[in-house]
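Reading the structure
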Amino acid sequence: MEKWIVVISSLLLLAFICWQETQRKNKARLSLRLTASVLVVLALYFIARPITFERRFDPSTDNTAVLLTEGFDKDSLSGSDSYRMKNIPAYSTVQSIVASNKNVQFIPDLEYFLRSQADIKKVHVLGNGLNPYELEVLNNLQINFHPGIVSGFTSVNWNNTIRSGEKLTVQGSFKSASNKPVRILLRGLSTTLDSVEVSGDQIFELSTNPKLLSKTLFSLIALSGKDTLANEKIPVFIKEKSPLKILVLSSSPDFESKFLKNWLYGEKYAISVRTTISKDRFSTEFLNTERTNLNRISTSLLEAYDILIGDMSALTGLGAAESSAIQTAMSKGMGVFIRADSTGGSGFYKRAFNIRQNRAIEQKNLTLSWDGQSAKKASTLSGPTMEIAPRPGEQALVRDNKDHVLASSKLYGAGRMIISTVPDTYTWMLSNNTTAYSSYWSHILDQAARKTEVKESWAVLNQFPVVNSPVRLSIESTADDIPKARVSDIPLRFAQDPIQSYRWTADYWPSETGWQSIRSSNGENWWYVYEQEDWASARATEKMKITARFAAENKNTVQTGANVIRTYEYTVPVVWFYLVFLACSAFLWAEKKLSA
């Protein structure tokens, strides 16, 4: 009915225009005017009712489909250097793409669509690509990937669970859409904690040492002048420090022991201190712990401690029975930290490491580096400084600015033995550089501490878990039974790894954003669920890498079965009819003006 209304209306309009032209007194160019009038009406008709007809797909693109994902380049639909995708049917699982692009068909379920279109053998994927669970349905198809362009935080990584006082390190890369410099800020508690300036596509690193105990959201902000280019969340779960029990043996009272004792006390460590006054006479102190008898070091006494700290003189002055007890405790997991003093010492502790004097080390202006951090340190001592000549099986923990090893570690049974030739770390405290002092000793103690057996180890395998999308949770358990855990009172269903029997995985679809907890018989573990728009650039970059890798593996897939000849409905672009309408209308107007 609608078609006939348009036809009748067009004929009536054509008859009226032609009658008007024939009634004019000036009969010059009448044939041209009538022809232009007919073309005007035909153009209007075909604008209202576009011309469509059936066309066969180009054989080079037959059995091919285009799949549009977020971030695709619209120019890719009309052609590129390697492929011409014009006239290939385009599909998308994203409603917004379908709504803003003509001739793109919406497919609510990719797997169902491919099953119903079994003749499709090749797929061009445009944009940011697909998630791993979506790529699974494209197996046995030839895949060509055309990635989009991403700017902003393209990658990022940080230690999302730390203990109070430990260093939070945020590393990543930022790709700027312009050549202007961009300042990256790490903010928390309304304060800028660290910042760095980048330009182009550059790697950055920021850090801080938070001491609060909570589930905390830091912010990673990118600024270009006064414009905020990105503002992303950095969720970090800050746990309480392990309640380490430390035994300190000192050959005599000194500033190094005094400042270390005070710092350990302030950090809530349980400390027992034994200082030699004279032969077989000691003074003892007990901070954050109960008193006990320290006159004789025995295996049973050392079972209560995680770390033993002693200067070389105190350790080499021990009797054979006490030294044997320390070695036995080390073999069972206790850590031992040795302060190498000027006497050098002798016996077991001296032979454990190759210590030698090095006059090239500038004591007065040392720059020490450890665990990705460095700090200058002025020494109060004179004379040559000792260094540690590395041996196979040792790990360098602290170096100076000329790469001399000043602290080293080695395994001894289930425990670890560490030695340091840094003589006076308390100078950091004297110069009010408590950050360097805390970082240095936290690093040393973390390396030396007795390792506790972990019954369960949880991990979220998705870097950016997003609401209403599948998240894969992993657990490594020493138990023989199937793990039992719940998220938001929803029980998880675990599948065992066929090769690594101690590893289990479960899928979960979070319905809410924010902090989520996994509750099991061994306690509670926290993780964060992001909004859909959070870390869009980083998630897009990751999807591109995954899709590109999948496409490379499926680019030359050999297909079986005969190709199906397929046709599609082609619509002549109405822009041509607009041009005809404008040209003929302009001619009729100009001709009438000239004839007046």
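Everything that follows concerns the structure shown earlier in this document.
The following refers to the structure shown.

About the criteria used
Residues numbered from 1 in each chain as written. Predicted model: local features only at pLDDT ≥ 70, side-chain atom pairs only at ≥ 80, totals over all residues. Heavy atoms only, no water. Buried < 20%, exposed > 50% of the residue type's maximum accessible area, 1.4 Å probe, protein only. Helix = DSSP H or I, 4+ residues; strand = E, 2+ residues; numbered from the N terminus. Pairing = 2+ DSSP bridges. Lys, Arg positive; Asp, Glu negative; His and termini not counted. Salt bridge = Lys/Arg side-chain N within 4 Å of Asp/Glu carboxyl O. Contact = heavy atoms within 4.5 Å. Axes fitted to C-alpha atoms, helices over the stretch in contact; angles between N-to-C directions.

1. Let's talk about the pairing of strand S9 (residues 168–175)
Among the eight residues in S9, six count as buried, and that is most of the element. In this structure, strand S7 (residues 152–158) lies alongside S9, joined through six bridges in antiparallel fashion. When the bridges of S9 are listed, Ser155 appears paired with Ser173. Direction of pairing for S9 relative to strand S12 (residues 201–208): antiparallel, over a ladder of eight bridges.

2. Brief notes about the side chain of Lys543
Locating Lys543 in the fold gives a position in helix H13 (residues 536–554). The buried charged residue Lys543 lacks any salt bridge, with Glu70 as its nearest oppositely charged partner at 4.8 Å. Setting aside residues no more than four positions away along its own chain, Lys543 makes contact with Asn128, Gly129, Leu130 and Asn131.

3. Examining the sheet that holds strand S6 (residues 142–147)
If you walk across this open sheet you meet the five strands as S4-S3-S2-S5-S6, and the pairing is parallel. With one partner strand each, in any of the chains shown, strand S4 (104–106) and S6 form the two edges of the open sheet. On average, each strand axis in the sheet is tilted by 30° relative to the strand beside it, whichever way the strands run. In the sheet, strand S3 (residues 90–92) pairs with S4 via three bridges, with the strands oriented parallel. Note that in S4 the partner of Tyr91 across the bridge is Gln105.

4. Remarks on the sheet that holds S12
Sheet architecture is open: three strands sit in the order S7-S9-S12, paired in antiparallel fashion. Whereas interior strands pair on both sides, the edge strands pair on one side only; in this sheet they are S7 and S12. Strand after strand, the sheet turns through a mean of 20° between neighbouring axes, direction not considered.

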